[in-house]
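# Observations on the model geometry
Given next are the chains, with one letter for each unit.
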Amino acid sequence: MTPLSAIAERQNSLLQLYQKLEKRFEENNVIRTLWRDMAGDVSLQIQSLKSFPSSFWNQFKNAPDDGFESAVKSVSPPPSDVTDISLRNSFELSLQMAEPVVLKIYARVIRLLRKNSTAPALNFYILVKAYVARLVRTTNSFAGDPLLIRRAELLMLELEREAQEPSPEIKALASRALSAKEQKTAVSKKAAADKSVKAVKEKETEKPPSKNVKADASKPVKAAPVKAKAVSKKTPAATRRA
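The helix and strand tally for the chain stands at nine helices and zero strands. Reading the chain from its N terminus to its C terminus gives the helix and strand order α-α-α-α-α-α-α-α-α. Of all 242 residues assigned to the chain, the portion counted as buried reaches 33%. Within the chain, contacts between residues at least 6 apart in sequence are counted, and of these 80% link residues at least 24 apart.

Before going further, it helps to examine the packing of aromatic side chains. The full count for this structure, using the stated rule, is eight aromatic pairs. With a centroid separation of 6.1 Å and 35 degrees between ring planes, the pair formed by Phe 52 and Trp 57 is classed as tilted. An identical accessibility class is assigned to Phe 52 and Trp 57; each is buried. Ring-pair connections join several aromatic residues into one group, and the members of that group are Phe 52, Phe 56, Trp 57, Tyr 106 and Phe 124.

Turning to the nonpolar core, a few remarks are in order. Ranked by size, the top nonpolar core spans 52 residues in total, and within it Tyr 18, Trp 35, Val 102, Val 109, Phe 124, Tyr 131 and Val 132 carry the most contacts. Looking at this core, the elements that each hand over two or more residues are helix 1 (3-24), helix 2 (29-50), helix 3 (54-62), helix 5 (87-116), helix 6 (118-143) and helix 7 (146-164). If you tally residues by element for this core, the top one is helix 5, at 14 residues. Those residues within four positions of Trp 35 in sequence are excluded, and the remaining contacts are Tyr 18, Leu 21, Glu 22, Phe 25, Leu 87, Ser 90, Phe 91 and Ser 94.

With that out of the way, let us pick up the environment of Ser 48. You can see Ser 48 is positioned in helix 2. For the pair formed by Ser 48 and Pro 120, sequence separation is 72 residues and the distance between their alpha carbons is 8.7 Å. When sequence neighbours within four positions are dropped, the list of residues in contact with Ser 48 reads Phe 124 and Leu 127.

Turning our eyes to something else, we now look at helix 2. Every α-helix winds through 3.6 residues per turn, so residues three or four apart in the chain are directed the same way. For helix 2, with 22 residues, the first-to-last C-alpha span of 32 Å sits near the 32 Å given by 1.5 Å per residue. Within the span of helix 2, buried status applies to Ile 31, Leu 34, Trp 35, Met 38, Ala 39, Asp 41, Val 42, Gln 45, Ile 46, Ser 48 and Leu 49. A side-chain oxygen of the first residue of helix 2 lies 3.1 Å from the backbone nitrogen of Val 30; this N-cap is Asn 28.

Predicted coordinates in areas of low pLDDT are best not read in detail. With 60% of its residues at a pLDDT of at least 70, the chain reaches an overall mean of 75. No element of the chain has a lower mean pLDDT than helix 9 (residues 237-241), at 47, and none a higher one than helix 2, at 94. This model gives residues 213-218 a pLDDT under 50, and the stretch forms zero contacts once residues within four places in sequence are excluded. Here residues 226-242 is modelled with pLDDT under 50, and outside its nearest four sequence neighbours on either side it reaches one contact, counting other chains as well.

Rules of the game
Residues numbered from 1 in each chain as written. Predicted model: local features only at pLDDT ≥ 70, side-chain atom pairs only at ≥ 80, totals over all residues. Heavy atoms only, no water. Helix = DSSP H or I, 4+ residues; strand = E, 2+ residues; numbered from the N terminus. Buried < 20%, exposed > 50% of the residue type's maximum accessible area, 1.4 Å probe, protein only. Contact = heavy atoms within 4.5 Å. Phe/Tyr/Trp six-rings, centres within 6.5 Å; stacked < 30°, edge-to-face > 60°. Core = buried A, V, L, I, M, F, W, Y, C linked by side-chain atoms within 4.5 Å. Expected span 1.5 Å × (residues − 1). Polar contact = N/O pair within 3.5 Å; in protein donor to acceptor, adjacent residues only side chain to side chain. pLDDT = per-residue confidence, 0-100.

Here it is as structure tokens:
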């Protein structure tokens, strides 16, 4: 089975569920319209995936992600009879079937589309996000269960996180780059530590200067005595004659 046919089979399961719920609540125009719109969202998703080239599905099949087969198998077929299902349980069943399709299949398709071409990835992402947003909005309005409302909100958050997550190839390259950087840092730290230890050892083995050796520079310099000649005071000749 090709990836496209496997995904389409799971999408058809969702589509059949919404069509059955539309008939189940046909007496309530608002609820009936809700399930009809959900079925319309899934129909648009099916058409969008069918428009992708075969080269994309070859890449999708060969992508290093072993979770696809388990994700496809985790989508159970819709119940054969929903005539007695409550509105609250219908939302729970919808979430139960939508979660593996959205998080394990659609998110992977969006990541691979984003890697190869921007426009198809954006278009398909808009379709999926509109579908999940409708599920969140209607669950919040009609389910009447805070746990289901929180579960729907988490589905939206997980879709955005999974769709933006790097592909396995990018994560592997990033992991190798980080490992190489850590090794380089460890080598640099070891070299610095070895240099520091060597400097300490050299300082410890260095001989202190001898105590008998006195530095000439430490001796005070005595100033040489200056002898001053007494200047004899001569009596002028005129004074002597007097």
